[in-house]
Amino acid sequence: DTGVSQNPRHKITKRGQNVTFRCDPISEHNRLYWYRQTLGQGPEFLTYFQNEAQLEKSRLLSDRFSAERPKGSFSTLEIQRTEQGDSAMYLCASSPGSFHEQFFGPGTRLTVL
Amino acid sequence: QQQVKQSPQSLIVQKGGIPIINCAYENTAFDYFPWYQQFPGKGPALLIAIRPDVSEKKEGRFTISFNKSAKQFSLHIMDSQPGDSATYFCAAGGSGSRLTFGEGTQLTVNP
């Protein structure tokens, strides 16, 4: 399967714990995006990378959130001191360079108890 | 100015019908308008996309109509099938960066 992969697919955690998600983009896609989707809503942009450089961050990305893309390949999204409001589907997408087509992974469903 | 408004919220059609979903945007800097299909528990899947230099694009049973002056675009699904039952999202983007999504339309196609 050469699509975008995300791990884990589901994560249940207690409030206050830290969680980390991983995204592996489509091979040779140099743009990688993170979005968050809550139930009944469209995805909301969080941040994106071109290669290893983080080029844009949404105001939704509070200081408890950090994303990295070392070596311009896979990316990680960490949430520190999770809150119940962080419960959502976290989606990763990748894109081939300057083309707009973004291809999404299956998402990581986070539940904060 | 970054919003994309989508309607209706939900839509029920009979098999073979032609559901139409509409979106409107405000930001004239948007130059890319994709539609995504999402099944429960899955990520959005790109269906079809259009740029503002054309007024219509067809791919299989899916057609996008685009009205640049009205800042509106719509998705038509020809000969709809029960397997098309899903949530559909329009989106808009510019310069290869973030996509701004509509709120989604839950489509049900009855057999």
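Predicted model only: the values in this text are computed from it and were never measured.

A. Representation of the sheet that holds strand β7 (residues 62–67) of chain B within the structure. Residues and elements named next belong to chain B. Overall, antiparallel pairing links the five strands, which are arranged β1-β3-β8-β7-β6 in an open sheet. At either end of the open sheet lies a strand with only one pairing partner, and these are β1 (4–7) and β6 (56–59). With direction set aside, neighbouring strand axes in the sheet form an average angle of 15 degrees. As defined by bridge partners, strand β3 (residues 20–25) adjoins strand β8 (residues 72–77) across five bridges and the pair is classed as antiparallel. Across the sheet, the residue bridging to cysteine 23 is phenylalanine 73, located in β8.

B. Seen up close, the environment of B:Glu59. All names here are of chain B. In this structure, glutamate 59 sits in strand β6. In this structure the C-alpha to C-alpha distance between glutamate 59 and alanine 49, which are 10 residues apart in sequence, comes to 9.4 Å. Those residues in contact with glutamate 59 that lie beyond four places of it in its chain are Leu47 and Ile48.

C. Region of interest: the nonpolar core. Ranked by internal contacts, the top residues of the largest apolar core, which has 24 residues, are B:Phe33, B:Trp35, B:Phe73, B:Leu75 and B:Tyr88. Listing elements by their share of this core, those giving two or more residues are β2 (10–14), β3, β4 (33–38), β5 (45–50), β7, β8, β9 (86–93) and β11 (105–110) of chain B. Broken down by element, this core gets its largest block of residues, four residues, from β9(B). Not counting residues up to four positions away in its chain, the partners in contact with B:Phe73 are B:Ile21, B:Asn22, B:Cys23, B:Tyr25, B:Phe33, B:Trp35, B:Ser65, B:Phe66, B:Cys90 and B:Ala91. By size, the runner-up hydrophobic cluster in this structure holds 19 residues, among which are A:Val19, A:Cys23, A:Ala67 and A:Cys92.

D. Fine view of the pairing of β6(B). Residue and element names in this part refer to chain B. Note that β6 and β7 share four bridges and pair antiparallel. Considered in β7, the bridge of glutamate 59 is made with phenylalanine 62. Connecting the antiparallel pair β6 and β7 is a turn made up of two residues, with glycine 60 showing a positive phi of about 60 degrees.

E. Region of interest: the packing of aromatic side chains. Enumeration according to the criterion identifies 19 aromatic pairs over all chains in this entry. Ring plane angle 40 degrees and centroid distance 5.4 Å describe the contact between A:Phe21 and A:Tyr90, whose orientation is recorded as tilted. On the criterion of sequence distance, the pair formed by A:Phe21 in strand β3 (residues 19–24) and A:Tyr90 in strand β9 (residues 88–95) is long-range, its members being 69 residues apart. By relative accessible area, A:Phe21 is classed as buried at 1%. Connected via pairs of aromatic rings, a cluster forms that spans A:Tyr33, A:Tyr35, A:Phe45, A:Tyr48, A:Phe104, B:Tyr36, B:Phe89 and B:Phe101. The ring centre of A:Phe74 lies 3.9 Å from the NZ or CZ of A:Arg22, which sits over that ring.

F. Examining the sheet that holds strand β7 (residues 65–68) of chain A more closely. All names here are of chain A. Pairing is antiparallel in the open sheet, where four strands are placed in the order β1-β3-β8-β7. At either end of the open sheet lies a strand with only one pairing partner, and these are β1 (5–7) and β7. Going across the sheet, the axis of each strand differs from the next one's by a mean of 15 degrees, ignoring polarity. Direction of pairing for β1 relative to β3: antiparallel, over a ladder of three bridges. For serine 5, the partnering residue across the bridge sits in β3 and is aspartate 24.

G. Main features of the interface of chain B and chain A. The partner chain A presents 24 residues to the 20 residues of chain B that form the contact. Here chain B meets chain A over a buried area of about 1700 Å², counting both sides, of which 52% is carbon and sulfur. Along the contact surface separating chain B from chain A lie one salt bridge. Taking the shortest distance from any N to any O, the salt bridge between A:Glu56 and B:Arg98 comes out at 2.8 Å. In this assembly, chain B and chain A are joined by five residue pairs in polar contact (both at pLDDT 80 or more). Among the secondary structure elements, those contributing two or more residues to the side of chain B that touches chain A are β4 and β10 (99–101) of chain B. For the side of chain B that touches chain A, a count of residues per class yields seven nonpolar, eight polar and five charged.

What counts and what doesn't
- Residues numbered from 1 in each chain as written.
- Chains lettered and ligands numbered in written order.
- Predicted model: local features only at pLDDT ≥ 70, side-chain atom pairs only at ≥ 80, totals over all residues.
- Heavy atoms only, no water.
- Pairing = 2+ DSSP bridges.
- Helix = DSSP H or I, 4+ residues; strand = E, 2+ residues; numbered from the N terminus.
- Axes fitted to C-alpha atoms, helices over the stretch in contact; angles between N-to-C directions.
- Contact = heavy atoms within 4.5 Å.
- Core = buried A, V, L, I, M, F, W, Y, C linked by side-chain atoms within 4.5 Å.
- Buried < 20%, exposed > 50% of the residue type's maximum accessible area, 1.4 Å probe, protein only.
- Phe/Tyr/Trp six-rings, centres within 6.5 Å; stacked < 30°, edge-to-face > 60°.
- Lys NZ or Arg CZ within 6 Å of the ring centre and 35° of its normal.
- Buried area = accessible area lost by both parts, 1.4 Å probe.
- Salt bridge = Lys/Arg side-chain N within 4 Å of Asp/Glu carboxyl O.
- Polar contact = N/O pair within 3.5 Å; in protein donor to acceptor, adjacent residues only side chain to side chain.
- Nonpolar A, V, L, I, M, F, W, Y, C, P; charged D, E, K, R; others polar.

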